[in-house]
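Chain and residue survey
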Amino acid sequence: MLKQISTLVVAMSLSSFVVAAVTLTTPQEIKVEEINGQPIAKKIFGSDSRQFQLKSGINDLEVSYYQYFEAENGIGAHDIVRSAPVRIKTPLLKDNETYTLALIQAPKTNDQAKAFAKQPVFGLYNNKNELLMTQEGTYQQPRGIINAVFGDQNITRNLNENKVQPKAVYTQNAEFLNQKSDEVQQTTKNALNQLILSWKNANKEDRQKFMLWLAEQAN
């Protein structure tokens, strides 16, 4: 009986500490600014990371569209097109799976990019290339080159704070936390009920041994 109670407690305890990574990949044209409120460090030299580790479950992202174009006239001339930050709340992301964040109808020319940057659209795909959701940004006037390179994100947020970002559109392939949460809660409830039943059926000696075992785990 003591072994049965101990096994249940260990299983319930370990379930709280299981952490599995979720991988998110992005193209070069998408800059990930924040993940769950934590800013992503930018490289001064070299390319930024195209893969990110997320937690399983729902994640909050802040991303922007960013693309470099060589100008057709003028040697060495170029243009940088960048959108304002867009917030994305993902559906439920599963342990040990890879997801891709992409641009919906990605622009191919400089003019198309400038129009796209006013209100970019991002799509999240699972490892089967199934679309899970799309998220439009808040409509913005395109930023100039100087602001695109040296602009302060805090200023951008202040300018946008009174504007409402369109709601995300989730597809039938998306899963949500409450579905998983209900399953976890039911599993925990069943385990707890079984633990209570085992305690009630245990004799005095087994209960004393179990209390001693709990005290040892605490130390």
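Scope of this entry: the structure provided in the associated data block. (Residues numbered from 1 in each chain as written. Predicted model: local features only at pLDDT ≥ 70, side-chain atom pairs only at ≥ 80, totals over all residues. Heavy atoms only, no water.)

Re the sheet that holds strand β1 (residues 21-25)
Cut-off, in case you're wondering: Two strands pair under a simple rule: DSSP has to find at least two bridges between them. By the criteria applied, helices consist of DSSP H or I runs no shorter than four residues and strands consist of E runs no shorter than two, each listed in order from the N terminus.
Taken together, 6 strands build an open sheet; the order of strands is β4-β1-β8-β9-β10-β11 and the sheet is mixed. Two strands lie at the open edges of the sheet, namely β4 (51-55) and β11 (169-170), each paired on one side alone.

Thoughts on the pairing of β4
As a reminder, the rule being used: Partly exposed describes any residue whose relative accessible area lies between the buried limit of under 20% and the exposed limit of over 50%, with all areas from a 1.4 Å probe on protein chains only and scaled to the type maximum.
Burial along β4 is one-sided: the residues Phe52 and Leu54 are buried and none of Gln51, Gln53 and Lys55 is. By the bridge criterion, 5 bridges tie β1 to β4 in an arrangement that is antiparallel. Looking at the pairing, threonine 25 lines up with glutamine 51 of β4.

So, the packing of aromatic side chains
Just so we agree on the cut-off: Aromatic pairs are defined between Phe, Tyr and Trp rings, using the six-membered ring for Trp, whenever the two ring centres lie within 6.5 Å; interplanar angles under 30 degrees are classed as stacked, those over 60 as edge-to-face, and all others as tilted. In this scheme, the term charge over a ring applies when either NZ of a lysine or CZ of an arginine sits within 6 Å of the ring centre and within 35 degrees of the ring normal.
Inspection of the entire model under this criterion finds 4 aromatic pairs. Considering the side-chain rings of tyrosine 170 and phenylalanine 176, the 5.1 Å spacing of their centres and the 75 degrees angle between planes classify their relative orientation as edge-to-face. We classify phenylalanine 176 as partly exposed; its relative accessible area is 32%. Taken together, Trp199, Phe210 and Trp213 form an aromatic cluster joined through their ring pairs. The positively charged end of lysine 31 is found above the aromatic ring belonging to tyrosine 66, 4.9 Å away from the centroid.

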